[in-house]
Amino acid sequence: MAIGALPVVCLAFLVVGGAYLVGSFYLPMGTVAHPGAGFFPLLVGTALVCLSVPLLIHSLKKKEIQKEEEAFPKGKDLYRVLGVALALIFFAVFLKPLGYGICSAALMVAVLRFLGLRSWMKTVLISILSTAISYYLFAFVLDVPLPRGFLFS
């Protein structure tokens, strides 16, 4: 019986998650009020391990043979993948000059449109709300400085 790609991927995520988890113990944890450098890696490693184990077990128990899917999308799906990739490249290139607010709102608009949301009202509303919430979380809750861009400097 040949092992499919899914168990191999699940096992790889389990190993990476385990290594990430072990590596987090070498960093200071801090406290709940003031988390240290090891706190976030601890959460990520734990999540990877906890999610990979059931997926690995489920993928090994699967008896039916599935038809192999294509490695890369074609047609309209390829257009969507390339569009989202270009939106992410735009975000990375223009983050400093334009600032976090403009770039993240533009990224959300592009991703929502490429993934099929057709209502401009909903697209703009979701983009503004997600940008405002993420800005608040990063700038005020986590105290992470975000690029402001030349318009807001």
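Here is what the cut-offs are and how they apply
Residues numbered from 1 in each chain as written. Predicted model: local features only at pLDDT ≥ 70, side-chain atom pairs only at ≥ 80, totals over all residues. Heavy atoms only, no water. Helix = DSSP H or I, 4+ residues; strand = E, 2+ residues; numbered from the N terminus. Expected span 1.5 Å × (residues − 1). Buried < 20%, exposed > 50% of the residue type's maximum accessible area, 1.4 Å probe, protein only. Arc of directions from axis to C-beta. Contact = heavy atoms within 4.5 Å. Phe/Tyr/Trp six-rings, centres within 6.5 Å; stacked < 30°, edge-to-face > 60°. Lys NZ or Arg CZ within 6 Å of the ring centre and 35° of its normal. Core = buried A, V, L, I, M, F, W, Y, C linked by side-chain atoms within 4.5 Å. Axes fitted to C-alpha atoms, helices over the stretch in contact; angles between N-to-C directions. Parallel < 35°, antiparallel > 145°, perpendicular 65-115°, else oblique. Left-handed = near helix turned anticlockwise from the far one by under 90°. Nonpolar A, V, L, I, M, F, W, Y, C, P; charged D, E, K, R; others polar.

Visitor: Residue-level account of helix 1 (residues 5–24), with values.
Guide: In a regular helix each residue adds 1.5 Å, so 20 residues correspond to 28 Å; helix 1 covers 28 Å between its end C-alpha atoms and thus fits that length. Within helix 1 the residues assigned to the buried category are Pro7, Cys10, Gly17 and Ser24. Along the long axis of helix 1, the arc covered by the buried residues comes to 110°, so they all point the same way. Residues of helix 1 that are exposed and angled more than 90 degrees away from the buried face: Ala5, Val8, Val15 and Ala19. Among the structural elements, helix 2 (39–61) are those in contact with the buried residues of helix 1.

Visitor: An account of the packing of aromatic side chains is needed here, citing residue identities and associated values.
Guide: Evaluation of the coordinates by the stated rule reveals five aromatic pairs. Each ring, one from Phe90 and one from Phe94, has its centre 4.8 Å from the other, and the planes form 40°; the classification is tilted. You can see Phe90 and its partner Phe94 sitting in helix 3 (residues 76–98), four residues apart, about one turn around the helix. Each residue in the set Tyr100, Tyr135, Tyr136 and Phe140 is aromatic and connected to the rest through ring pairs, giving one cluster. The residue whose ring lies beneath Arg113 is Trp120, and the NZ or CZ to ring-centre distance is 3.9 Å.

Visitor: So what's going on with helix 5 (residues 120–141)? Residues and values would help.
Guide: The end-to-end C-alpha separation of helix 5 is 30 Å, in line with the 32 Å expected for 22 residues at 1.5 Å each. Along helix 5, the positions that sit buried rather than exposed are Thr123, Ser127, Thr131, Ser134 and Ala139. The arc enclosing the buried residues of helix 5, seen along the axis, measures out at 110°, which places them on a common side. The exposed residues of helix 5 that point more than 90 degrees off its buried face are Met121, Lys122, Leu125, Ile128, Ile133 and Phe140. Where the residues of helix 5 are buried, they touch helix 4 (100–114). Backbone geometry just downstream of helix 5 places Asp143 in the positive-phi region, at approximately 55°.

Visitor: Break down the nonpolar core for me, with residues and values.
Guide: Ranked by size, the top nonpolar core spans nine residues in total: Ala87, Phe91, Tyr100, Cys103, Leu107, Ala110, Val111, Ala139 and Leu146. Put simply, the parts of the chain that give this core at least two residues each are helix 3 and helix 4. Ranked by residue count, the leading element in this core is helix 4, at five residues.

Visitor: An account of the packing of helix 1 against helix 2 is needed here, citing residue identities and associated values.
Guide: Running from N to C, helix 1 and helix 2 cross one another at 155°; their axes reach a closest spacing of 8 Å. On the basis of their axis angle, the class for helix 1 and helix 2 is roughly antiparallel. With respect to the hand of their crossing, helix 1 and helix 2 are arranged in left-handed fashion. Residue composition of the contact of helix 1 with helix 2, by class: 17 nonpolar, seven polar and no charged.

Visitor: How would you summarise the packing of helix 4 against helix 5 if you had to cite specific residues and measurements?
Guide: The N-to-C vectors of helix 4 and helix 5 enclose an angle of 140°; their axes lie 9 Å apart at closest approach. Looking at the two axes, helix 4 sits oblique to helix 5. Helix 4 and helix 5 meet at a crossing whose hand is right-handed. Together, Tyr100, Gly101, Ser104, Ala105, Met108, Val109, Leu112 and Arg113 of helix 4 and Trp120, Thr123, Ile126, Ser127, Ser130, Thr131, Ser134, Tyr135 and Phe138 of helix 5 make up the contact between the two elements. Here the contact of helix 4 with helix 5 is built from residues that sort into nine nonpolar, seven polar and one charged.

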